[in-house]
Amino acid sequence: MPALTTTPHGFLLHGEPFRILSGALHYFRVHPDQWTDRLRKARLMGLNTVETYIPWNLHEPTPGTLALDGLLDLPRFLRLAQAEGLHVLLRPGPFICAEWDGGGLPFWLTTDPDIRLRTSDPRFTDAVDRYLDLLLPPLLPYMAASGGPVIAVQVENEYGAYGDDTAYLKHLESSLRSRGIEELLFTCDQADGDHLTRGTLPGVLATATFGSRVDHHLARLREAQPEGPLMCAEFWIGWFDHWGGPHHGRDAADAAADLDRLLSAGASVNIYMFHGGTNFGFTNGANHHHAYAPTITSYDYDAPLTESGDPGPKYHAFREVIARHAPMPSDPAPSPAPKLRPTTVELTHKAPLLAHLGHLAHLGPAVHAPDPLTADELGHRAGYIHYRTTVPHPGPGLLHFEGGVGDRAQVFLDGAPAGVLERERFDETLPVHVPRAGAVLDVLVENMGRVNYGPRIGVPKGLLGPVTLDGEPLRGWDCHPLPLNEAPLPTTFAPTPTPTSAEPAFHYGTFDISTPADTFLSLPGWTKGQAWINGFHLGRYWNRGPQRTLYVPAPVLRPGTNDLVLLELHGTTTTSAHLTDEPDLGPKPS
């Protein structure tokens, strides 16, 4: 019998009445050395449970392999949650959305153009079952049936917004049960439209997702499920941001009032997000409704706990609301964590990217092909691809990229910038002037994040078709994947000769600190690229905004000398970067 059971009106935990007061906290968006701190702050806000997705694409990076280390050490996260006295809701997908690269679906799976994702297509369900065969055995000791903290497991994720293949949902339910999951199963769907009827299963608890109009949405949930607990499995109290868009936020008093309405109705809740964290490295997703819109590096979400783990206005407002409905820990609310003193970092050495490719031998050799290969054809999940060929004739011409680019391409002729193309943002034709016969054409394509929601999941990256000059095909391409999960070693860098640069280049500098503390990397005068500190990949920066700083977790730093490496793709007017004690995610919401 599962530890968590349902009655016509609520939950029982080990036979006693129980209300789920949960907050979303994605372990893979938080530095592992900060998990204990974030979990403790969840308990101190009055929560008794935390919820997390599980990203299939990172846990099974290649078919048949399982990663459970570092940011992906889910067993450790579950042990820490239990030590803090918290229960856990697990959401293994297989699809998670989460504004995460590909919605959590592995790129090696979505590259099959014929596969029918999130359906009972055996090509999809067989892959899911093989993944569960890897994932679940290490997690079974952490189920409540074995004395662990996990009290419920989700089946799929907002499936009613995508499809209506009930056989697929039943297959997932059976797959979980047959592999030892005894705990309560639940689905979650948006409460509007017919999502709740399309995405639910008989015998499986239905929950809803919404952020406002509490009475209306609870009534819709009750219509779809006449008996059982009322639960909002994603109570949206903020939102995420896209590059070039606004910084989203929600008034704390408004969100707290809706939380009070929800709890006053006797419902259980999972606050989305309690603590958003960061899309470190190349993990952000993208939306593609009317146009392609990649998500920024920060996943702050205007959550109660900020990206750097400090209590914000919602933390205190929610704590007051929860105290009216449930016992509150006697400990006081936590204080903000110490921050590093503002520090300037001089980037004294650099290595031009195109000339540096020979030093990136660990990335493997280029693949030669008649026409450019996509990232998916190259087996390349994230990062960049460098394409190179030669142009036979000099003079002006029109360079045409058939099929466009995925997602952003910088074009160079004999090393000189010739233009930029972005997915759906500009025309697929670029006017150029070829300086000589046999000029070298370089195209550097950046994957800005795989679509995480809707029918465009699995859309390919890289150059998406042949390239022509004035209608004549350019043949014979070297295609070189550049995952850049690690920054190049500074031993290959040379002193920076001038304070400015207009070419893609790695830049390197050091800074000294006495005691590590949280800080924020600010890059005024820089344009677009990636940042690493002590080899830890902080993620993407871009002066397009709204995000202006990158969060640097204290555990990334060390006493003494620290290294900063930037890959700047365009130009810089400075050799300085700054570590500040305040984040800048864009103008504050009014």
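Refer to the structure presented above.
> Explanation requested: the nonpolar core in the structure shown.
Within soluble globular proteins, side chains that are nonpolar generally end up buried alongside one another. If you look at the biggest cluster of nonpolar residues, it comprises 99 residues, and the most contacted ones within it are L78, L90, F124, L259, L262, I271 and F318. The element best represented in this core is helix 5 (residues 122–139), accounting for eight residues. Beyond its immediate chain neighbours, meaning those up to four positions away, I271 contacts S22, G23, A24, M45, L47, F235, I237, L259 and F318. Core analysis: the second largest hydrophobic core is formed by 25 residues, Y387, L399, L441 and W477 among them.

> Sorry if this is basic, but what is going on with helix 3 (residues 74–83) here?
Think of an α-helix as turning once every 3.6 residues; residues three or four places apart then point the same way. Residues L74, P75, F77, L78 and A81 constitute the buried set of helix 3. Angular distribution of buried residues about the axis of helix 3 spans 160 degrees; they occupy a single face of the element. Close packing links the buried residues of helix 3 with strand 4 (21–25), helix 1 (35–44), strand 5 (49–53), strand 6 (87–91), helix 5 and strand 7 (150–154). Of the residues flanking the end of helix 3, it is G85, one or two places downstream, whose phi is positive at about 85 degrees.

> Explain the sheet that holds strand 2 (residues 11–13) here, please?
Across a sheet, strands are paired by hydrogen bonds formed along the backbone, either parallel or antiparallel in direction. Ordered by their spatial adjacency, three strands build an open sheet running 1-2-3, and the pairing between neighbours is antiparallel. A single partner strand is all that each edge strand has here, and the edge strands are strand 1 (4–6) and strand 3 (16–18). Pairs of neighbouring strands in the sheet enclose a mean axial angle of 45 degrees, with direction left out of account. Bridge count between strand 1 and strand 2: three bridges; the pairing is antiparallel.

> Where do I start with the packing of helix 1 against helix 3 in this structure?
Helix-helix packing: each pair is described by the crossing angle between the helix axes and the interaxial distance. Where helix 1 contacts helix 3, the axes come no closer than 10 Å and their chain directions differ by 40 degrees. When the interaxial angle is binned, helix 1 and helix 3 end up oblique. For the pair helix 1 and helix 3, the crossing hand works out as right-handed. Taken together, the residues of helix 3 that come into contact with helix 1 (itself represented by W35, T36 and L39) are R76, F77, L80 and A81.

> Mind showing me how you'd approach the pairing of strand 5 here?
Moving residue by residue along a regular strand, the side chains alternate between the two faces of the sheet. Of all five residues making up strand 5, five are buried, and the element is well covered by its neighbours. Burial of strand 5 is two-sided: the residues T49, E51 and Y53 facing one way and the residues V50 and T52 facing the other way are all buried. One ladder, built from three bridges, connects strand 4 with strand 5; its direction is parallel. If you follow G23 over to strand 5, its bridge partner there is V50.

> Just checking my understanding: could you explain the pattern of salt bridges for this structure?
Oppositely charged side chains are able to pair whenever their charged atoms sit close together. Counted according to the given criterion, the structure contains 32 salt bridges. Taking the shortest distance from any N to any O, the salt bridge between R381 and D101 comes out at 2.7 Å. Note that R381 is positioned in the loop between strand 15 (367–369) and strand 16 (384–391) and D101 in the loop between strand 6 and helix 4 (107–110), a separation of 280 residues in sequence. Each member of the pair R381 and D101 is classed as buried. R324 is the salt-bridge partner of D260, the closest N and O atoms lying 3.6 Å from each other. Here the residue D260 occupies a position in helix 9 (residues 252–264), and R324 occupies one in the loop between helix 10 (313–323) and strand 14 (343–352), the gap between them amounting to 64 residues. On the basis of relative accessibility, which here comes to 22%, the residue D260 falls in the partly exposed class. In this structure R324 comes out as exposed when scored by relative accessible area, which is 54%. Where salt bridges share partners, they join R250, D254, D258 and R261 into one cluster.

> It is not clear to me how the packing of aromatic side chains should be interpreted in this structure. Could you clarify?
Aromatic ring pairs are reported here in terms of the distance separating the ring centres and the angle at which the planes meet. With the rule as written, the count across this model stands at 25 aromatic pairs. Ring centres 6.3 Å apart and planes at 55 degrees place the aromatic pair W56 and F124 in the tilted group. Highlighted residues: W56 in helix 2 (residues 56–59) and F124 in helix 5, separated in sequence by 68 residues. For W56, a relative accessible area of 0% puts it in the buried group. Relative accessible area serves as the criterion here: at 0%, F124 is assigned to the buried category. Measuring from ring centre to ring centre gives 5.0 Å for W56 and Y131, while their planes differ by 15 degrees; the resulting arrangement is stacked. With W56 in helix 2 and Y131 in helix 5, this residue pair connects regions lying 75 residues apart in the sequence. Considered together, W56 and Y131 belong to a single accessibility category, that of buried residues. Its end group placed over the ring of W542, K528 keeps NZ or CZ at 4.4 Å from the ring centre.

Reading the values: rules and limits
Residues numbered from 1 in each chain as written. Predicted model: local features only at pLDDT ≥ 70, side-chain atom pairs only at ≥ 80, totals over all residues. Heavy atoms only, no water. Core = buried A, V, L, I, M, F, W, Y, C linked by side-chain atoms within 4.5 Å. Buried < 20%, exposed > 50% of the residue type's maximum accessible area, 1.4 Å probe, protein only. Helix = DSSP H or I, 4+ residues; strand = E, 2+ residues; numbered from the N terminus. Contact = heavy atoms within 4.5 Å. Arc of directions from axis to C-beta. Pairing = 2+ DSSP bridges. Axes fitted to C-alpha atoms, helices over the stretch in contact; angles between N-to-C directions. Parallel < 35°, antiparallel > 145°, perpendicular 65-115°, else oblique. Left-handed = near helix turned anticlockwise from the far one by under 90°. Salt bridge = Lys/Arg side-chain N within 4 Å of Asp/Glu carboxyl O. Phe/Tyr/Trp six-rings, centres within 6.5 Å; stacked < 30°, edge-to-face > 60°. Lys NZ or Arg CZ within 6 Å of the ring centre and 35° of its normal.

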